[in-house]
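Fold and contact review
What follows is the residue order along each chain.
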Amino acid sequence: MDKVTNETKWMSITQFEPAYARTAFPCFDEPNFRAKFKIWLGHQESLVALSNMPLAKQEKMYLGSNETDNYVWSIFEETVPIPTYLVAYSVNNFTYKLSGNYGVKFYTWSRPDIINECEFAAQIAPELYKFFESLLAVPLPFTKMNQLSVPNFGALAMENWGLITYRESSLLFSSNISSEMSRQRLAALVAHELAHQWFGNAVTLKWWSDIWMNEGFATYMSILGVHHLNSNWNYLQVESMNNILDVFEYDAQINSHALTQGVKSTAQITGRFDSLSYKKGAMLLRMLHMIVGDDAFLSGIRQYLSKFLYTADNYGSLWNSFSIMAHTYQRRNDIKVVLHSWTSQAGYPLVKVIRNYSNGNAYVTQQRFFLNSSQAKNATKRCWWIPITLASASRLEFYKLRPSYWLECKKDKENINITLNDMAEKGDWIIFNVQMLGLYRVTYDAENWALLNRTLNSDKYTQIHVLNRAQLIDDSLSLAWAGYINYRITLDILNYLQYEKDYLPWRTALRGFIKLDNILKGYEKTYKLFTNFLKYLILPTYNTLHGLNSTQDEKEISYIDLMHKTQISYWACHLEIDDCVNAAKQYFANWKISNINKIPINLRLTVYSTAIKYGNQSDWEFLWQYLQESNIIVSEQRTIIQALSCSRNKTTLSNFLDLMFNNTKYIHRQDSAAAFESIARNKIGFPIAKDYFFEHFDQLREYYGTISKDVINLILSLARQVASMEHNIGILEFLAKKRDIFQHSWRTILSAVEITRLNIGWVHRYRATVHNNLRRRNFKRAKNATLRK
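Computed from a predicted model, the values in this text were never measured in an experiment. (Residues numbered from 1 in each chain as written. Predicted model: local features only at pLDDT ≥ 70, side-chain atom pairs only at ≥ 80, totals over all residues. Heavy atoms only, no water.)

Let us now look at the environment of Tyr 666. As for its position among the elements, Tyr 666 is in the loop between helix H20 (650-662) and helix H21 (669-681). Judged by its relative accessible area of 16%, Tyr 666 is buried. Apart from the residues within four sequence positions on either side, Tyr 666 is in contact with Leu 627, Gln 628 and Ile 641. (Helix = DSSP H or I, 4+ residues; strand = E, 2+ residues; numbered from the N terminus. Buried < 20%, exposed > 50% of the residue type's maximum accessible area, 1.4 Å probe, protein only. Contact = heavy atoms within 4.5 Å.)

Quick look at the structure:
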């Protein structure tokens, strides 16, 4: 829709992955078949035609012997051998930005009225491409690369050979309106798709069962690429932590799955493109990279890409390449055996460390971690090859990344437990898995937890590496949730956050608090104790960051400090800290009065959400009206939609749900699922969202198109909020009735059911324990309180 003329315009675009090329032309539509393609597109002369390769020539179109009016053939150069799913073409009336001042020219295409918002994507793409070309030392034969911004594109992006397609809302960036987090997300997306030109395009998988290799490599390479673009973002640590925590949450469920999965029908392929394929795959590659080092890791990849260029492979050869290089550099050379234990089975390990304080030894064992520890009793036997790295109070070896020891497996998956001698002095803490190198959790005996707690709650807490402080927070929260340790240990660990200055530990803690916040908000007395505890922890940091007030220009603040201020402010307002709520309401009121939005860009979600939560209907209407203005860019639209979901008026929320799924002009299809989740998270909104989903299910199916991922995401949004059997019965009955409809997504449905049962089980087992532990704590801060030496 052209917003200036209010006229509907048309374009064509392809999305052939995983198996849709067969609907466009006859072909062997499987990834192990590669062919050269020479594409002709017939179209009106006034339009633009794009495909995988540069345009070779354009000819007038003839019908018989007669030249047709205004129609031409656009004839493109022949491709190198590529699989059918990477073929792409488009006819449109777009314009472009040209970038790149060396071998490869980048053309970034979009609707003419938003072309300036493609500037950042156009700017970074050549730099990222050059970085990957240098890093991987395998040049590709591109002279031209197209990036195409597609309105309402179903996929987030697609790495087609030479013609990368993006959902429009994901490619746009405006420095005056978009947040710094949007800038970083865009950089990561462009890096991911460009990395695919090597991983997945230049060398392709033989079959979809190992799609995690394509997506895992592209995800990990994108992390390296973004870090190259701007090391001040600290993306190596921040994004690795985000990915690890996502894996830890999903992969601890009974209904998780191995990375390598059989695919026997086309209907199964799409389900393989899930969070684990991207994130667990990436973090296993990170683990491998840290274990073998830069030299062996990059040499292995370069050798592999050179050998298998423009062919299909199952990546077994890549593991052999890594093994050879690791042996060359005198590192562990059974890489294939190690990685197979991580890719062939579901879940991840919990390493248990029990110390003998009289002789300094430590007994180390492993078992699969579950979100409910009682599930381990009946679990299938599992064993992983686990790299053991460690540091102690006397040996702060947090940068010694080569494994000192390994937990190994027998051929029948039997664990081989180990005893490590002379680990630490009696009064010294010990930490396993430095910098979270390995994809596993760690638990200790009660005395070592106490030693760690004592150090964290002292002025020596920075002796522990920032990633390991984050690890201790997340491990202790998850271990207590699952029943492996007592909540008293966890609350003692969390107590140190009142002194923590760094973004990462706080990022980890706040993520962990979301689950408790969702469940406890239905239990008023416990929730009051819980939020008082969080206020006690967060206030010192909130004050240090000068609260919600922003007297300093955001451009003068480092990215990490800006993100830290953003997350702390959001939670301070969520916890109803007076200074935060009042400041947000004042920002919003000033905007309404002056009609000039002076709210700092990165604080807008916090301000909008708080103003709507504590405001009246006129505030809601003001923001809804603002959403409809023609000059609002997509990232700002998403912020507004999320804020509008925070209303505490039942009628307003019900009406908003109707608008959400019936007004595609202002709420795009790809944003509606996130808006629905925001309403479901709202205590008042949850029953409204649940009832709406049941009553309008057929309409939602039609809106999204059969059973898409978006419909499943709506179910997961509801499941995460369930904290009582009363809420759960309706959901279970509904899913049982619709079982036939969900047959191709049944694993995800089972995951949703498991989430509800875990939540309800936790309430029965641990809510009283948390309540009593919090009730006994003193949240009054002594004047001039300082850290214990």
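Next up on the list: helix H25 (residues 725-737). The end-to-end C-alpha distance of H25, which contains 13 residues, comes to 18 Å, matching closely the 18 Å that a straight helix rising 1.5 Å per residue would cover. Buried within H25 we find Asn 728, Ile 731, Phe 734 and Leu 735. With its buried residues spanning 130° around the axis, H25 presents them on a single face. Turned more than 90 degrees away from the buried face of H25, the exposed residues are Glu 726, Ala 736 and Lys 737. (Expected span 1.5 Å × (residues − 1). Arc of directions from axis to C-beta.)

On to the packing of helix H3 (residues 180-195) against helix H4 (residues 211-229), then. Close contact between H3 and H4 brings their axes to 8 Å; oriented N to C, the two are set at 125°. For the element pair H3 / H4, the angle class is oblique. When the axes of H3 and H4 are compared, the crossing they make is right-handed. In this structure, H3 uses Ala 187, Ala 188, Ala 191, His 192 and Ala 195 to contact H4, whose residues at the interface are Glu 215, Ala 218, Thr 219, Met 221, Ser 222, Val 226 and Leu 229. (Axes fitted to C-alpha atoms, helices over the stretch in contact; angles between N-to-C directions. Parallel < 35°, antiparallel > 145°, perpendicular 65-115°, else oblique. Left-handed = near helix turned anticlockwise from the far one by under 90°.)

In this section: the UniProt feature "binding site: Zn(2+)" (unreviewed entry) in the protein. Cross-referencing UniProt, the feature "binding site: Zn(2+)" (unreviewed entry) maps to His 192, His 196 and Glu 215 in the present numbering. In terms of the greatest pairwise C-alpha distance, the residues named above, spread along 24 residues, form a tight cluster of at most 8.5 Å across. Take His 192: it is sitting in helix H3. With residues up to four places along the chain from it excluded, the contact list for His 192 reads Glu 215, Ala 218, Thr 219, Ser 222 and Tyr 278. By secondary structure assignment, the location of Glu 215 is in helix H4. Look past the residues within four positions of Glu 215 in its chain and what remains in contact with it is Glu 159, His 192, His 196, Phe 273, Ser 277 and Tyr 278. Side chain to side chain, Glu 215 and His 192 meet in a polar contact 3.1 Å long. (UniProt positions renumbered as here; feature names shortened; annotations may be inferred. Polar contact = N/O pair within 3.5 Å; in protein donor to acceptor, adjacent residues only side chain to side chain.)

This part covers the state of the cysteines. In total, this model carries two disulfides according to the counting rule given. Between the sulfur atoms of Cys 383 and its disulfide partner Cys 409 the distance amounts to 2.1 Å. With the S-S bond torsion at -95°, the cross-link from Cys 383 to Cys 409 turns out left-handed. Of the two residues, Cys 383 is situated in the loop between strand S17 (361-368) and strand S18 (386-388) and Cys 409 in strand S20 (residues 405-409); the sequence distance between them amounts to 26 residues. Using a relative accessible area of 13% as the deciding quantity, one classes Cys 409 as buried. (Disulfide = S-S within 2.5 Å.)

The biggest cluster of nonpolar side chains holds 268 residues, and the ones touching the most others in it are Met 221 and Phe 513. With 17 residues, the top contributor of residues to this core is helix H7 (residues 275-308). Setting aside residues no more than four positions away along its own chain, Phe 513 makes contact with Leu 477, Leu 494, Leu 497, Phe 530, Leu 534, Leu 537 and Trp 571. Ile 114, Ile 115, Cys 118 and Val 634 belong to the second-largest nonpolar core, a separate cluster that totals five residues. (Core = buried A, V, L, I, M, F, W, Y, C linked by side-chain atoms within 4.5 Å.)

Quick look at the UniProt feature "active site" (unreviewed entry) in the protein now. Residues annotated in UniProt with the feature "active site" (unreviewed entry) correspond here to Glu 193. Residue position: Glu 193 is located in helix H3. One polar contact links the side chain of Glu 193 to the main-chain amide nitrogen of Glu 159, over a distance of 3.3 Å.

With that out of the way, let us pick up the packing of aromatic side chains. Under the definition given, this model contains 56 aromatic pairs. Ring geometry for Tyr 444 and Trp 449: centres 5.3 Å apart, planes at 80°, overall edge-to-face. As far as the burial class goes, Tyr 444 and Trp 449 line up, both buried. Three or more aromatic residues link up through ring pairs in this structure, and these residues are Phe 661, Phe 676, Tyr 692, Phe 693, Phe 694, Phe 697, Tyr 703, Tyr 704 and Phe 734. Taking the ring centre of Phe 369 as reference, the NZ or CZ of Arg 441 above it sits at 5.1 Å. Geometry around Trp 481 places Lys 515 over its ring, the cationic atom sitting 4.2 Å from the centre. (Phe/Tyr/Trp six-rings, centres within 6.5 Å; stacked < 30°, edge-to-face > 60°. Lys NZ or Arg CZ within 6 Å of the ring centre and 35° of its normal.)

Read across the sheet, four strands follow the order S22-S17-S16-S24 without closing on themselves; strand pairing throughout is mixed. The sheet is open, and its two edges are formed by strand S22 (418-420) and strand S24 (441-444), each paired on a single side. The mean angle between the axes of side-by-side strands here comes to 25°, regardless of whether they run parallel or antiparallel. The pairing of strand S16 (residues 349-356) with S24 spans four bridges and is classified as parallel. Considered in S24, the bridge of Lys 352 is made with Thr 443. (Pairing = 2+ DSSP bridges.)

Let us look at the environment of Gln 498. Mapped onto the elements, Gln 498 comes out in the loop between helix H12 (487-494) and helix H13 (503-520). A polar side-chain atom of Gln 498 sits 3.5 Å from a polar atom in the side chain of Tyr 536.

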